[in-house]
Amino acid sequence: MWKQTYRVCLCFSRRFNLRMEEAPDEIKRLFAQYSENGIMTVHHLRRFLIEVQKEERATRQDAQAIVDSLRELKHLNILLRKGLSFEAFFRYLFGDANPPLSPNQGVHHDMDGPLSHYFIYTGHNSYLTGNQLSSDSSDVPIIKALQRGVRVIELDVWPNSSKDDIDVLHGGTLTPPVQLITCLRSIKEHAFVASEYPVIITFEDHITPDLQAKVAEMVTQTYGEMLFCPESECLKEFPSPESLKKRMIVSTKLPKKYLEAQEIKEKEIEKQKSKAATDEEDSGKELPQLEGGDSAAGDSSDSDEEDNNHEEILEDSDKAQRDAVLAYVRLIGIHAVKRKRGLKNYLRINPEKVMRLSLNEQKFEKAVIGHGKDIIRFTQRNLLRIFPKATRIDSSNYNPMIGWRYGAQMVALNMQGHGKSLWLMHGMFRANGGCGYVKKPEFLMKSGPDDEVFDPNAKLPVKTTLKVNVYMGDGWYYDFHPTHFDAYSPPDFYARKSRH
């Protein structure tokens, strides 16, 4: 028995007697198994952590720390000199010293797969302190997100009022700006406080080519050797989180002028390929094919000549503008693509390069209706980012499960908000040591032998009946039975409440 004080009606206090409810029989049996003469020693507690809690790395020091944390609760009078009494053990099971995910487990997922094989802790409009229309832009929410373990930071970059520098703000709203350089420096300082794994900075770019060159200069000077810059223009496969420890990655769309010049070149290549095919039919001779699928007559360049290709693509531009565009292009570690020509086109798999695609929650929900399997195939190699719809001006969030169940790696939420969706996000990334990267399940990373993929909408039979007893510490328990269950969505339950 102990007393607890509560304030009543905001004007006076009452002290109430509290008592420990009788523990369930299962807990009593566990204590009897891992104790001797009614005492659970540090040795017994360590065995319990390893064998029951599955904390295989638990040490004697970890067990001692638990005992010491309980010893501070002197008013409970539940500790014996040589170890834990049953009441102390019961208190530990329902206390803060026994979290659902053990922090001692650390990073334990395989971190050598490509980035596309991981769910990544992702923020949306990471610089906003509150709502999407009038709250301040600041580096403070960015710092808080990084300290929590967020690995993807989004910055909307715009010219400042004098057009000679770059600001970060939510365009078309009343949000006051914060300087880009302030955000970049804060990211560098706090990027690896919570996790050593890579931080991805996504730019929503609204700046001119000369300011793009200034962004490239800012980023390279701020991050130096920390910045990941691919050796070739296009990555054929994403590197692994393990290989990118303590690295910064910039992800944004290629400059408009560069894309226009690239499109002209691609049309020329197609024209040459078509001419080569006609010549082949006329001559009856077969032309050799290059690895990328282009004929030798069509394009003789390869990845070793990418830098020369950059200059050829922009050869009609003046030198200053060309240099500005190329500096920005070389900065981009993960290419974001522009959606065009329908769903099928932008979900098409290119075996020669990987990319990032962004969809808002509404477009994504429409896409999964007819193209759910295409999305899963796309996310096996490429990155998909889902972000909140524009009408969420209060910085509310959608259910992140809608993206995760289709393999979307970057399910972006407003970190300055609150509520169930954000709790799901925070809970998801408590896993794997809180490093910000959680390995996707096998069925979302690979196709079957006949190229079949997981279908989240398929009604699968229940192979295992799941029964869960949740003890609330108030003398009641809830007996859960599933009424619906599939491989990658939360089960529906009915609960029966019982009294011990």
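Within every chain, residues take consecutive numbers counted from 1 along the sequence as written. Local features in this predicted model are restricted to residues of pLDDT 70 or higher, and side-chain atom pairs are both shown and tallied only at a pLDDT of 80 or more, whereas totals for entire chains, interfaces and linings draw on every residue. The basis for every side-chain value is the complete set of heavy atoms in the structure, and neither hydrogens nor water enter the calculation.

**As for the packing of helix H2 (residues 42-51) against helix H4 (residues 86-93)**
- Structural elements are reduced to axes, namely lines fitted to C-alpha atoms, with helices fitted over the stretch in contact, and the angle between N-to-C directions of any two is expressed from 0 to 180 degrees. Strands are runs of DSSP state E lasting at least 2 residues, helices are runs of H or I lasting at least 4, and numbering of each runs from the N terminus. Relative orientation of the contacting elements H2 and H4 amounts to 35 degrees, with a least axis distance of 13 Å. Here H2 and H4 pass one another in a crossing that is right-handed. In contact with Leu45, Phe48 and Leu49 of H2, H4 contributes Phe89, Tyr92 and Leu93.
- Each residue is assigned to one of three groups, with Ala, Val, Leu, Ile, Met, Phe, Trp, Tyr, Cys and Pro labelled nonpolar, Asp, Glu, Lys and Arg labelled charged, and all others, Gly among them, labelled polar. For the contact of H2 with H4, the residue count by class is six nonpolar, no polar and no charged. Each helix crossing is assigned a hand: it is left-handed if the near helix lies turned anticlockwise from the far helix by less than a right angle, otherwise right-handed if that turn is clockwise. In this description, contact between two residues means that some pair of their heavy atoms is separated by no more than 4.5 Å.

**A closer look at the confidence of the model for the chain**
- Every residue carries a pLDDT, the predictor's confidence in it, which falls somewhere between 0 and 100. Summary statistics for the chain give a mean pLDDT of 82 and a share of 78% for residues scoring 70 or more.
- Low pLDDT (under 50) marks residues 287-308, which in the prediction has 31 contacts with non-local residues, meaning those over four places away or in another chain.

**Focus: the pairing of strand S7 (residues 152-159)**
- Partly exposed residues are those whose accessible area sits between 20% and 50% of the maximum for their type, while under 20% is buried and over 50% is exposed, using a 1.4 Å probe and protein chains only. Burial analysis of S7 places six of its eight residues in the buried class, which makes it a mostly covered element.
- Strands pair, by our definition, only if DSSP identifies at least two bridges between them. Direction of pairing for S7 relative to strand S10 (residues 199-205): parallel, over a ladder of six bridges. Residue pairing in the sheet places Val157 in a bridge with Asp205 of S10.
- With three bridges connecting them, S7 and strand S8 (residues 166-168) associate as antiparallel partners. Along S8, the bridge assignment pairs Val157 with Val168.
- Once S7 ends, the chain turns through six residues before running back antiparallel as S8, passing Lys163 with a positive phi of about 65 degrees.

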